[in-house]
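Results of the structural survey
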Amino acid sequence: MDMEMLCRAFQETRPWIDDFRKRTYEKAFQAYTERFGSSYLEAAREAGEEGLQRLAGEILDGIEAGWKRQRPWNRPAVRVMEKQMAVDYLSPMLLELPEPMCQTLCDLLRQGWAARWPQDAYGAATYAQLKKGFRDTIMGIELGRRRGDEE
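Residues numbered from 1 in each chain as written. Predicted model: local features only at pLDDT ≥ 70, side-chain atom pairs only at ≥ 80, totals over all residues. Heavy atoms only, no water.

**Looking at the side chain of Glu82**
Put simply, the rule reads: A helix here means a DSSP run of H or I that spans at least four residues, while a strand means a run of E at least two residues long, and both kinds are numbered starting from the N terminus. Each residue is assigned to one of three classes by its accessible area relative to the maximum for its type, calculated with a 1.4 Å probe on protein chains only: buried under 20%, partly exposed between the two thresholds, exposed over 50%. In this charge count, Lys and Arg are treated as positive and Asp and Glu as negative; neither His nor the chain ends contribute. One speaks of a salt bridge when a side-chain nitrogen belonging to Lys or Arg is within 4 Å of a carboxyl oxygen belonging to Asp or Glu. Only heavy atoms enter the contact rule, under which two residues are in contact if any of them lie within 4.5 Å.
Structurally, Glu82 is set in helix 3 (residues 75–96). Notably, Glu82 is buried but unbridged: the nearest opposite-charge side chain belongs to Arg69, and the N-O separation is 8.0 Å. Dropping the residues within four chain positions of it, Glu82 is found in contact with Phe10, Gln11, Thr13, Ile63 and Trp67.

**Focus: the pattern of salt bridges**
Pairing between side chains becomes possible if they bear opposite charge and their charged atoms approach one another. Throughout the structure, instances matching the rule amount to 10 salt bridges. Two residues, Arg54 and Glu58, come together in a salt bridge whose shortest N-O distance is 3.1 Å. Here Glu58 and Arg54 lie together in helix 2 (residues 25–68), a separation of 4 residues that amounts to about one turn. A relative accessible area of 48% means that Arg54 is categorised as partly exposed. A single salt-bridge network, built from bridges that share partners, covers Asp61, Glu64 and Arg116.

**A closer look at the nonpolar core**
Cut-off, in case you're wondering: Side-chain atoms within 4.5 Å are what join buried Ala, Val, Leu, Ile, Met, Phe, Trp, Tyr and Cys residues into a set we call a nonpolar core.
Residues Tyr32, Tyr40, Leu90, Met93, Leu94 and Leu109 are the most contacted members of the largest nonpolar core, which totals 44 residues. Mapped onto this core, the elements with two or more residues apiece are helix 1 (3–11), helix 2, helix 3, helix 4 (100–116) and helix 5 (127–132). Counting residues per element, this core draws most heavily on helix 2, at 17 residues.

**Observations regarding helix 3**
Along an α-helix, residues three or four apart share an orientation, since each turn contains 3.6 residues. Threshold: Here a helix's expected span is defined as the number of its residues, less one, multiplied by 1.5 Å. Throughout, bend refers to the angle between the axes fitted to the seven residues that end at a position and the seven residues that start at it.
Over its 22 residues, helix 3 extends 30 Å from the first C-alpha to the last, a length consistent with the 32 Å expected when each residue adds 1.5 Å. By the largest-angle criterion, Ala86 marks the main kink of helix 3, which is about 40°.

**Regarding the packing of helix 2 against helix 4**
The condition is simple: Axis definition: a line fit to C-alpha positions, over the contact stretch in the case of helices; interaxial angles, taken between N-to-C directions, run 0 to 180 degrees. Should an angle lie under 35 degrees it is considered roughly parallel, over 145 roughly antiparallel, and from 65 to 115 roughly perpendicular; all remaining angles are considered oblique. Handedness of each helix crossing follows the sense of rotation of the near helix against the far helix: counterclockwise by less than a right angle gives left-handed, clockwise gives right-handed. Each residue is assigned to one of three groups, with Ala, Val, Leu, Ile, Met, Phe, Trp, Tyr, Cys and Pro labelled nonpolar, Asp, Glu, Lys and Arg labelled charged, and all others, Gly among them, labelled polar.
At a minimum axis separation of 9 Å, helix 2 and helix 4 run at an interaxial angle of 30°. Judged by the angle between their axes, helix 2 and helix 4 are roughly parallel. You can see that helix 2 and helix 4 cross each other, and the crossing is right-handed. Class assignment of the residues belonging to the contact of helix 2 with helix 4 gives a composition of 16 nonpolar, 5 polar and 5 charged.

Geometry only, nothing functional implied.
See the structure below:
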């Protein structure tokens, strides 16, 4: 199991955060899944049902260690970006992967995050839920839906 790669799924925020937009998210999500999906599948299978809690803890320990390597004034911004990665890419990817233990790992990561940083908990949503949530706006004003957007 490559713990560095598992942590990188949180820590590698560019270009993923930049591509979390209506027109670019689908392609970015597919690329993210290709990059990190196999590592998470392998780690979940290797850990087994009884080792998933430990695996989630090790991943959270790894990202927390990454925060501590940041300059103190950068830590809050890095933490926000990594939380955004968990919401926008990692959780939906884990929920989409065919291995049921990946869905369990998603829940354990979310619960572990909430236990360690209760004031900063996050929720998990599927890729379809996130993709459906994009709206066409200009300067914060929502535009009417186009015919092709109703799918």
